[in-house]
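Tertiary structure, described
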Amino acid sequence: MRGSLLSPRTQLVIVALTLVHLLIDLAKIRLDRRYPAFGGSWAYIGDQLLHLLTVGVAAWLLSPPVPLSELGTLLQNSRAFPNRFSAVPVVYVGVIFGGGYLIRFLVRSLAADVDSYAEGTTSEQLQNAGLYIGWLERFLVITALLLQSPATVGMILTAKSIARYPN
């Protein structure tokens, strides 16, 4: 069987996929160190596209061969299948984790101005707290939108404003 977990072909594809993922991450880290302007959301998007491409190639290598004439029919039939079950986790992961990179990219110039006026350095714990709070905030907003409760989004933004208001 071509896609069997015990077949040598499957084991080889898994090992190759692991090595390729490690090499992609290593290349991204080295490029980020050598060219700091390369980092950011574009590097993240390129990195993720390469990872997605390698997973697609691995799936193609492990799947049974499909003639090209049947491929069009297969794609047409896949559109009829409702993908809501798999779309929800993809939206959550994309918004919660990918949203942070997008926000950081959009406010990079503002953050540089704020850093120049900062009196002291902030601890790493405080920076991580902001990261986790951002994840939680995006999770709650997406959940409120999926539950069709825009008033909850307003409550989240109000609570955030009150929490930031000095005593």
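This section reports on the structure supplied with the text. All figures in this text were calculated on a predicted structure; none of them were measured in a lab.

**Some words on the overall build of the protein chain**
Across its full length, the protein chain carries seven helices and zero strands. In the protein chain, the succession of helices and strands from N to C terminus is α-α-α-α-α-α-α. Each of the 167 residues in the protein chain was classed as buried or not, and the buried ones make up 14%. Considering only residue pairs separated by 6 or more positions, the protein chain has 67% of its internal contacts joining residues 24 or more positions apart. In the structure as shown, the protein chain presents an accessible area of about 13,800 Å², 70% of it carried by carbon and sulfur atoms.

**With respect to the packing of aromatic side chains**
This structure, assessed with the given rule, holds two aromatic pairs. Aromatic side chains tyrosine 92 and phenylalanine 139 sit 5.4 Å apart centroid to centroid with 45° between the ring planes, which places their arrangement in the tilted category. Placement of tyrosine 92 in helix H4 (residues 84-106) and of phenylalanine 139 in helix H6 (residues 124-146) is noted, with a sequence separation of 47 residues between them. When the ring of phenylalanine 97 is compared with that of tryptophan 135, the centres are 4.8 Å apart and the planes differ by 80°; the resulting orientation is edge-to-face.

**A look at the environment of lysine 160**
Within the fold, lysine 160 resides in helix H7 (residues 150-164). Its relative accessible area of 31% is what places lysine 160 among the partly exposed residues. For the pair lysine 160 and glutamate 137, spaced 23 residues apart in sequence, the C-alpha to C-alpha distance is 9.0 Å.

**Considering the side chain of aspartate 47**
Looking at the element boundaries, aspartate 47 is found in helix H2 (residues 41-62). Buried within the structure, aspartate 47 lacks any salt-bridge partner; its nearest side chain of opposite charge belongs to lysine 28, at an N-O separation of 4.9 Å. There is a polar contact of 3.1 Å between the side chain of aspartate 47 and the side chain of glutamine 48. Setting aside residues no more than four positions away along its own chain, aspartate 47 makes contact with Ile24, Asp25 and Lys28.

**Details of unusual backbone geometry**
Glycine aside, a negative phi is what most residues show, and trans is what most peptide bonds show. Backbone geometry at glutamine 148 places phi at a positive 55°, although glycine is not the residue there. You can see glutamine 148 is positioned in the loop between H6 and H7. We classify glutamine 148 as exposed; its relative accessible area is 71%.

Rules of the game
- Residue numbering note: each chain is counted from 1, following its sequence as written.
- Two thresholds apply to this predicted model, a pLDDT of at least 70 for residue-level local features and 80 or more for giving and counting side-chain atom pairs, whereas whole-chain, interface and lining totals are computed over all residues.
- The side-chain numbers reported here are obtained from all heavy atoms of the structure, hydrogens and water having been left aside.
- Runs of H or I in DSSP of at least four residues are treated as helices and runs of E of at least two as strands, each being numbered from the N terminus.
- Three labels apply to residues, based on accessible area from a 1.4 Å probe with only protein chains included: buried if under 20% of the type maximum, exposed if over 50%, partly exposed otherwise in between.
- Contact criterion: two residues are considered in contact whenever any of their non-hydrogen atoms come within 4.5 Å of each other.
- Calculation of accessible area relied on Shrake-Rupley with a 1.4 Å probe; when residues are assessed, cover is drawn exclusively from the protein chains displayed.
- Two aromatic rings, drawn from Phe, Tyr or Trp (for Trp, its six-membered ring), form a pair once their centres lie within 6.5 Å of each other, and the interplanar angle then sorts them: stacked below 30 degrees, edge-to-face above 60, tilted otherwise.
- Only four residue types enter the charge count: Lys and Arg as positive, Asp and Glu as negative, with His and the chain ends excluded.
- Here, a salt bridge means any side-chain nitrogen of Lys or Arg that lies within 4 Å of a carboxyl oxygen of Asp or Glu.
- Distance and chemistry together define a polar contact, namely a pair of N or O atoms within 3.5 Å, with one atom able to donate a hydrogen and the other to accept it when in protein, and with adjacent residues in sequence counting only for side-chain atoms on both sides.

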